[in-house]
Amino acid sequence: MIRFIAKRLGSGLVVLFVVSALTFFLLYMSSGSIARNILGDQATAEQVALKEHELGLDQSLVARYFAWVADALSGNLGASWFTSEPVANSLATRIPVTMTMVFAAMILIALCAALIGVLAAVKRGWVDRMVQVGAIIGDSVPGFVIGVVLVTLLAIQLGLFPATSTISPETGPEAWVYSMSLPVIALLVNGVTGGAQQIRSAVIKQLERDYVRTLRSRGIGEREILFKHVLRSAAPAGLTVLSLQLIGMLGGVVIIEQIFALPGMGPLAVAATGQSDLPVVMGVVMYTVVVVIAVNLLVDILNGWLNPKVRVS
């Protein structure tokens, strides 16, 4: 198992290096005159040249990349070109907001999707049809539309929740719960039906296997077959689906955070991209890649633990 984890961790580090190199070169090669963009059109050529020297832009692109890598390995991701705030500080204040929302939504999605999916696979009939219809509706309605509807109904008309976030460094847990409720509900409604549909299919596939018929012929009860054998075999497929949903959610929360004015990674990514604040953009990309690698590594470990064939392959 340790060798399996080491191989997956090594693959993740290779992916991190490749993505960082591609992102760095593509961003800096397509940004034109960075110093001119920062100083504006009124800046003289001497001021532009001085700014390029100050930012290290007069060095080769390869030298700049390896200098960035060396700083990043020591925890220094640079500073914003427009606010001079260290990128690590910007990420440190915003990552907790985004990750709290994402993980709260994913835990609820996993619990609800597993319950609904297993129920649909076992009961079939109208429950199964409701899950399939719900999956189609859930996949066709974007999360931001659900967010706008929730804000209109529950925040503006009924006043049950704040329409915009009240989270700040001084606020307590109560403000976090009130501000996170509607965004988490929007992500939950958007993701639970699709997850339930995939889990239902995985459980039905296992229930139709020969080993289930053999267990039934030996007189083993349906409850024991389901919880001891079927769910263990269906778990890898369900975990993979949920991990893909979590990775996709990292992109979707950008819009959700804008709707609810949450001080998370979404507004930071949008502002940095609009200003071509490349150190901040690199920091956001690296944060996203690290989360994706960590989620995939965790899912691989769980799948390897549940199914030894995965470790062998």
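Each value, and the rule that gives it
Residues numbered from 1 in each chain as written. Predicted model: local features only at pLDDT ≥ 70, side-chain atom pairs only at ≥ 80, totals over all residues. Heavy atoms only, no water. Helix = DSSP H or I, 4+ residues; strand = E, 2+ residues; numbered from the N terminus. Buried < 20%, exposed > 50% of the residue type's maximum accessible area, 1.4 Å probe, protein only. Contact = heavy atoms within 4.5 Å. Areas by Shrake-Rupley, 256 points an atom, 1.4 Å probe, with all protein chains shown as cover. Lys, Arg positive; Asp, Glu negative; His and termini not counted. Charge placed at Lys NZ, Arg CZ, Asp CG, Glu CD. Expected span 1.5 Å × (residues − 1). Arc of directions from axis to C-beta. Salt bridge = Lys/Arg side-chain N within 4 Å of Asp/Glu carboxyl O. Polar contact = N/O pair within 3.5 Å; in protein donor to acceptor, adjacent residues only side chain to side chain.

Visitor: How would you summarise the overall build of the protein if you had to cite specific residues and measurements?
Guide: Along the backbone of the protein there are 13 helices and 0 strands. Seen in sequence order, the protein has helices and strands lined up from the N terminus as α-α-α-α-α-α-α-α-α-α-α-α-α. Each principal axis of the C-alpha atoms in the protein carries an extent, and together these give about 85 × 55 × 35 Å. Burial status across the protein gives 40% buried among its 313 residues. Partitioning the intrachain contacts of the protein with sequence separation of at least 6 by distance along the chain shows that 74% fall at a separation of at least 24. Surface exposure of the protein reaches about 17100 Å², of which carbon and sulfur atoms provide 66%. Averaged over its 21 positive side-chain charges, the protein has a centre that lies 21 Å from the centre of its 18 negative ones.

Visitor: Hey, could you go over helix α6 (residues 125–140) for me, with residue numbers and the actual values?
Guide: An α-helical segment advances 3.6 residues per turn. Residues three or four places apart therefore align on the same side. In a regular helix each residue adds 1.5 Å, so 16 residues correspond to 22 Å; α6 covers 23 Å between its end C-alpha atoms and thus fits that length. Within the sequence span of α6, burial applies to V127, D128, V131, G134, A135 and G138. Looking down the long axis of α6, one finds its buried residues gathered within 125 degrees of arc, a one-sided arrangement. Along α6, exposed side chains directed more than 90 degrees from the buried face belong to W126, R129, M130, I136 and S140. Those residues of α6 hidden inside the fold are in contact with α5 (87–123) and α8 (173–207).

Visitor: With reference to specific residues and values, describe the pattern of salt bridges.
Guide: A full pass over the atoms with the stated rule returns 7 salt bridges. We note a salt bridge from R124 to D128, for which the minimum N-O separation is 3.1 Å. Exposure remark for D128: the relative accessible area of 5% places this residue in the buried category. Across the pair R216 and E222 runs a salt bridge whose closest N-O atoms are separated by 2.7 Å. By relative accessible area, which is 46% here, E222 ends up partly exposed.

Visitor: How would you summarise the side chain of R200 if you had to cite specific residues and measurements?
Guide: Position of R200 among the secondary structure elements: in helix α8. Residue classification places R200 among the buried positions, given a relative accessible area of 10%. At a separation of 2.2 Å, a polar atom in the side chain of R200 contacts the side chain of D128. The residues contacting R200, other than those within four sequence positions of it, are G117, A120, A121, R124, D128, V131 and Q132.

Visitor: Outline unusual backbone geometry, listing residues and values.
Guide: Leave glycine aside and you will find that most residues have negative phi; peptide bonds, for their part, are mostly trans. A positive phi is found at R124, a non-glycine position, where the angle reads about 55 degrees. Looking at the secondary structure, you find R124 in the loop between α5 and α6. Positive phi is not limited to glycine here, since S276 has a value of about 60 degrees. For S276, the position within the fold is in the loop between α11 (265–275) and α12 (278–306). For S276, a relative accessible area of 31% corresponds to the partly exposed category.

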